[in-house]
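An overview of the molecular structure
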Amino acid sequence: MDTSVNICGVEMKNPVTVASGTFGSGMEYGEFVDLSRLGAVTTKGVAITPWEGNPTPRVAEVYGGMLNAIGLQNPGVDTFIDRDLKFLEKYDTKVIVNVCGHSIKEYEECVERLSDIESVDLLEINVSCPNVKEGGIAFGTRPESLNEITKALKAKAKKPLIMKLSPNVTDITEMARAAVDGGADALSLINTITGMKIDINRRTFALANKTGGLSGPAVRPVAVRMVYQVANAVDVPIIGMGGIRTAEDALEFIMAGATAVSVGTSNFNNPTATIEIIDGIEDFMRKNGINSLDEIRGCVK
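Attention in this report is confined to the structure presented alongside it. Every chain's residues receive numbers from 1 upward, in the order its sequence appears when written. In view of the model being predicted, local features appear only for residues whose pLDDT reaches at least 70, and side-chain atom pairs are presented and counted only at 80 or more, with totals across whole chains, interfaces and linings using the full set of residues. In computing side-chain properties, one takes all heavy atoms of the structure into account and sets aside hydrogens as well as water.

**Points about unusual backbone geometry**
Peptide bonds are trans in most cases, and residues, glycine excluded, mostly fall at negative phi. Under the convention used in this document: We count a stretch as a helix when DSSP gives it H or I for four or more residues in a row; a strand needs E for two or more, and each element gets its number in order from the N terminus.
Omega for the peptide link from Thr-56 to Pro-57 comes to 0 degrees, which places this bond in the cis form. With respect to the helices and strands, Pro-57 occurs in the loop between β4 (40–42) and β5 (59–62). Unusually for a residue other than glycine, Leu-72 sits at a positive phi of about 55 degrees. Tracing the backbone shows Leu-72 in the loop between β6 (65–68) and α1 (77–88). The phi torsion at Arg-203 lies on the positive side, around 55 degrees, for a residue other than glycine. Topologically, Arg-203 is positioned in the loop between β14 (198–199) and β15 (204–205).

**Describing the sheet that holds strand β13 (residues 193–196)**
Where we set the bar: For two strands to be treated as a pair, DSSP must find at least two bridges joining them. An axis is simply a line fitted to the C-alpha atoms; with a helix, the fit covers only the stretch in contact. Between two such axes, the angle follows the N-to-C directions and lies from 0 to 180 degrees.
Reading across the sheet, the 4 strands line up as β5-β6-β16-β13 and stay open at both edges, with antiparallel pairing between neighbours. Each edge of the open sheet carries a strand with a single partner, namely β5 and β13. Looking at each pair of strands side by side, their axes are set apart by 40 degrees on average, direction ignored. In terms of strand pairing, β13 meets strand β16 (residues 211–215) through 4 bridges, oriented antiparallel. Paired with Thr-194 across the bridge in β16 is Gly-213.

**Quick notes on the state of the cysteines**
Where we set the bar: The criterion for a disulfide is a pair of cysteine sulfur atoms lying within 2.5 Å. Note on exposure labels: buried denotes an accessible area under 20% of the residue type's maximum, exposed denotes more than 50%, and partly exposed covers the range between, all computed with a 1.4 Å probe on protein chains only.
Using the criterion set out here, one finds 0 disulfides in the structure. You can see Cys-110 has no disulfide; the closest cysteine sulfur is in Cys-100, sitting 7.0 Å from it. Since its relative accessible area comes to 0%, Cys-110 is described here as buried.

**Comments concerning the packing of helix α4 (residues 172–181) against helix α5 (residues 220–231)**
Operational definition: Here roughly perpendicular refers to angles of 65 to 115 degrees, roughly parallel to angles under 35, roughly antiparallel to angles over 145, and oblique to all remaining angles. Whether a crossing is left-handed or right-handed is set by the direction in which the near helix is turned from the far one by less than a right angle, anticlockwise for left-handed and clockwise for right-handed. The contact criterion used is simple: two residues touch if any of their non-hydrogen atoms lie within 4.5 Å. The residue classification treats Ala, Val, Leu, Ile, Met, Phe, Trp, Tyr, Cys and Pro as nonpolar and Asp, Glu, Lys and Arg as charged. All others, Gly included, are polar.
Interhelical geometry of α4 versus α5 gives an angle of 50 degrees and a closest axis separation of 9 Å. Classified by the angle between their axes, α4 and α5 sit oblique to one another. Both α4 and α5 take part in a crossing whose hand is right-handed. Residue-level inspection shows Ile-172, Thr-173 and Ala-176 of α4 in contact with α5, the latter providing Met-226, Gln-229 and Val-230. Grouping the amino acids of the contact of α4 with α5 by side-chain chemistry returns 4 nonpolar, 2 polar and no charged.

**Re the packing of α1 against helix α2 (residues 104–115)**
One way to put it is that α1 packs onto α2 with a least axis distance of 11 Å and a crossing angle of 25 degrees. Relative to α2, the element α1 lies roughly parallel. Here α1 and α2 pass one another in a crossing that is right-handed. Contacts from Val-77, Asp-78, Phe-80 and Ile-81 of α1 reach α2 at Cys-110, Arg-113 and Leu-114. Per-class residue counts for the contact of α1 with α2 are 5 nonpolar, no polar and 2 charged.

**Looking at the pairing of strand β12 (residues 186–189)**
For clarity, the threshold we go by: Clockwise travel from the first strand over the helix to the second, with the strands pointing away from the viewer, marks a crossover as right-handed.
Side chains Ala-186 and Ser-188 project from β12 onto one buried face, and the interleaved Leu-187 and Leu-189 project onto a second face that is buried too. Where strand β11 (residues 161–164) meets β12, 3 bridges bridge the pair, whose relative direction is parallel. Opposite Met-163, over in β12, you have Leu-187 as the bridge partner. This β-α-β element, β11 to α4 to β12, shows right-handed connectivity.

**Side note on helix α6 (residues 247–256)**
Counting buried positions along α6 gives 7 out of 10 residues, so the element sits mostly inside the fold. The set of residues buried in α6 consists of Ala-247, Asp-249, Ala-250, Leu-251, Phe-253, Ile-254 and Ala-256. Along its buried surface, α6 packs onto α5, β17 (238–241), β18 (260–263) and α8 (273–287). Within two residues after α6, Gly-257 carries a phi angle of roughly 125 degrees, on the positive side.

The structure is reproduced here in structure tokens:
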């Protein structure tokens, strides 16, 4: 029984990683999870300089998930390299570094800084960041902008480039094609869906930012649909994510066409969710006589 998957030449022992921003950079979960069992660790978003993030409150629980408006708070790439990457080097797992920025130049500088580091296996680009030169419009909500930033980063990156797609668009396949045409080696989707919560007792917004990103089980059917559409529109590996809590959830994404899956919000209420999902996938394969995930990937048509 072979649970391994290959993304752009990077061999993962199983298809399970974690969604950026829900697992720190691994250190925070080290006492709960044997990181060496994961197919990969995907880090929290990293920028070329430290970001303070948004004012509080930044998280709100909602039915079927949560809203967050953290604002990609991070210590900057130098601290990340000196502290977080050194920690991850102790474990037998692949490392996917999530990169963020406010301008193409900021993205380029961060990608260049990470590209020569041996312990970095893949770069995942968060294009849901606000483009300051375009009035705060996210890079990933217009195909022209997405194509432009993908081309720019592909020219700088020495590691395979994963573009993380936003679901806050009219046609996800149009965005996928724009990224692949720009040189994306792989895609990950979906990022969070924009939502809002009102605190009726305080008569104001639950989040200081007013809106936030909805994640958790509530978004899973949307995510599965989008992964299916993208898998049938482009020919690159896909990392599927959005509300995955169980092995059954993960297998839905794989059958829709995903090569690998990311577990996100579930890490907050079940720190061992990733290990349970890995074990559950193995059990499903064993019970159903499946020797390789290739046998079921994209099996729904």
